[in-house]
Amino acid sequence: MGTTAIIAAYNEEKTLGDVLSVLTRSPLIDEVIVVSDGSTDRTVEIARAFDVKTIALRENAGKGYAMRIGVDNAANDVLFFVDGDMYNVSDEHIATLVLPVVEDECDMNIGVRNRGEILNFLHLKMQCGPVLSGIRVMRREVFEMVPAPYQARYKIEAALNCFCSRSGYRQRHTVIHNLNHVIKESKRGLFDGLVSRGAMMREVFLVLLDLHVFETWRTTPTDEAPVPEYDLFE
Ligand SMILES: Nc1nc2c(ncn2[C@@H]2O[C@H](COP(=O)(O)OP(=O)(O)OP(=O)(O)O)[C@@H](O)[C@H]2O)c(=O)[nH]1
Ligand SMILES: [Mg+2]
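Read on for an overview of the structure. Throughout, residues of each chain are indexed from 1 in the direction in which the sequence is written. Throughout, the order in which chains and ligands are written sets their labels, letters from A for the former and numbers from 1 for the latter. Residue-level local features of this predicted model are given only where pLDDT is at least 70; pairs of side-chain atoms are given and counted only at 80 or more, and the full residue set underlies all totals for whole chains, interfaces and linings.

**With respect to the overall build of the protein chain**
Within the protein chain one finds nine helices and ten strands. Over its C-alpha atoms the protein chain spans a radius of gyration of 17 Å, differing by no more than 12% from the 17 Å that the globule rule assigns to 234 residues. Seen through its C-alpha atoms, the protein chain measures out along the principal axes to roughly 45 × 40 × 35 Å. Here the protein chain, with 234 residues, has 37% of them falling under the buried criterion. Here a helix means four or more residues in a row that DSSP labels H or I, a strand means two or more in a row labelled E, and each is numbered from the N terminus. The globule rule is 2.2 Å times the number of residues to the power 0.38, and the radius of gyration it is compared with is taken over C-alpha atoms. Our exposure labels follow a C-beta count within 10 Å of each residue's own C-beta, placed from the backbone: buried means 20 or more other C-beta atoms, exposed means 12 or fewer, and partly exposed covers the counts in between.

**As for the environment of Q151**
Take Q151: it is sitting in the loop between α6 (140–144) and α7 (156–166). Taking the number of C-beta atoms within 10 Å as the measure of exposure, Q151 has 23 and is therefore buried. The contact rule is simple: place each C-beta atom from the backbone, and if two of them lie within 7 Å, those residues are in contact. Every residue in contact with Q151, bar those within four places of it in the chain, is listed here: G64, Y65, R68, V146, I156, A159 and A225.

**Thoughts on the environment of G84**
The topology assignment puts G84 in the loop between β4 (78–81) and β5 (86–87). By the C-beta count within 10 Å, which is 30 here, G84 ends up buried. Linking G84 and L57, residues 27 residues apart in sequence, is a C-alpha distance of 15 Å. The residues touching G84, leaving out its near neighbours within four places in the chain, are I7, A8, A9, E12, T15, L16 and V19.

**A look at the sheet that holds strand β10 (residues 230–233)**
Strand order in the open sheet made by the eight strands is β8-β6-β7-β4-β1-β2-β3-β10, with mixed pairing throughout. Because the sheet does not close on itself, it has two edges, and the strands there are β8 (171–176) and β10. Here the average twist between neighbouring strands, direction ignored, is 20°. Any two strands between which DSSP finds at least two bridges are classified as paired. Examined bridge by bridge, β4 and strand β7 (residues 136–139) share four bridges and lie antiparallel to one another. By the bridge assignment for β7, V78 is matched with R139. To obtain each axis, a line is fitted to C-alpha atoms, and for helices this fit is confined to the stretch in contact; angles are then taken between N-to-C directions over 0 to 180 degrees.

**Regarding the site of ligand 1**
For ligand 1, the set of nearby residues contains 17 residues, the closest of which are Y10, D37, D83, G84 and K184. Going through the elements one at a time, β1 (3–9) and α3 (63–72) are the ones with two or more residues in the shell around ligand 1. Residues are sorted three ways: Asp, Glu, Lys and Arg are charged, Ala, Val, Leu, Ile, Met, Phe, Trp, Tyr, Cys and Pro are nonpolar, and all the rest, Gly among them, are polar. Grouping the amino acids of the shell around ligand 1 by side-chain chemistry returns five nonpolar, five polar and seven charged. Placing the C-beta atom from the backbone, one calls a residue near a molecule or strand if that atom lies within 6 Å of it.

**Brief notes about unusual backbone geometry**
Residue Q127 is not a glycine yet carries a positive backbone phi of 55°. Its place among the elements puts Q127 in the loop between α5 (117–125) and β7. A positive phi is found at N178, a non-glycine position, where the angle reads about 55°. Assessed through the 11 C-beta atoms surrounding it within 10 Å, N178 is described here as exposed.

**Re the nonpolar core**
Defined on buried residues, the nonpolar core groups Ala, Val, Leu, Ile, Met, Phe, Trp, Tyr and Cys residues joined through C-beta atoms within 7 Å. Counting residues in hydrophobic clusters, the biggest one holds 57 residues, and the most contacted among them are I6, V35, F80, V82 and A159. For this core, the element with the highest residue contribution is α7, accounting for seven residues. Aside from chain neighbours lying at most four places away, what touches A159 is V146, Y150, Q151, V207 and L211.

**Points about the environment of F50**
Relative to the helices and strands, F50 is located in the loop between α2 (43–48) and β3 (53–57). In this structure, the C-alpha to C-alpha distance between F50 and V34, residues 16 residues apart in sequence, is 10 Å. Those residues in contact with F50 that sit more than four places away from it in its chain are L20 and T24.

**Things to note about the packing of α7 against helix α9 (residues 190–214)**
Closest axis-to-axis distance for the α7/α9 pair is 9 Å, and the angle between their directions is 20°. Here α9 runs roughly parallel to α7, going by the angle between their axes. Remark: the crossing between α7 and α9 carries right-handed chirality. Only V204, V207, L208, L211 and H212 of α9 make contact with α7, whose side of the interface consists of A158, A159 and C162. Of the residues belonging to the contact of α7 with α9, the class tally is seven nonpolar, one polar and no charged. Relative orientations are named as follows: roughly parallel for angles under 35 degrees, roughly antiparallel for angles over 145 degrees, roughly perpendicular for angles from 65 to 115 degrees, and oblique for any other angle. The crossing is said to be left-handed when, going from far helix to near helix, the turn is anticlockwise and less than a right angle, and right-handed when the turn is clockwise.

Quick look at the structure:
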């Protein structure tokens, strides 16, 4: 089974190059796709300098739909999602995340950044709070099970967790050490960062309520996801 790495990136010129250097030289990754989500910085230019497939969405579509366009263009059945704002991604991270899915030990492997023993225990074993990490590997059918409206923006991770477990797919959490990412407040400035963090938290809270309490997905027919316009550079 081959593996495609997909990076949904919105204005990630500072970190994308480092992420791509590691992914493109990894023997465990057969294809790399960057989906620039209407970026206005050098994200597309940086991606095109590497031997990767670059998809440039003309307008910003939100994280989840950007990921989906990546999936639609992926040649392999194991999908490795990586955020474009991560740094210190290493061969060891790639192996601990990709191999359990490739070797069929689980169907989705979620990489959880190490927060120390106590917080890891509370988060993962006691299930205090959802596991929404963007660095995760899954079989294509896990992604494709998520109804289109739940793929939108920051709903995608909560929805993947929910539909994966409800459908009996095997889900695993792998604690990863020494992996960092740039937070919104550094990327966009304190005020804009906090506003966009607030919007993300609100969206995640509402989708968790919908998925687990109201369960509207059981009764509401789902529309097809919108197909944003894009340019493809191979
Ligand atoms: N903010 C944002 N990110 C997007 C969008 N589309 C794709 N992404 C990418 O999705 C990934 C995660 O987005 P972030 O905004 O960093 O979300 P996060 O990592 O959960 O939040 P932080 O704690 O602020 O880092 C990054 O690689 C972004 O570049 C978008 O429309 N908005
Ligand atoms: Mg981030």
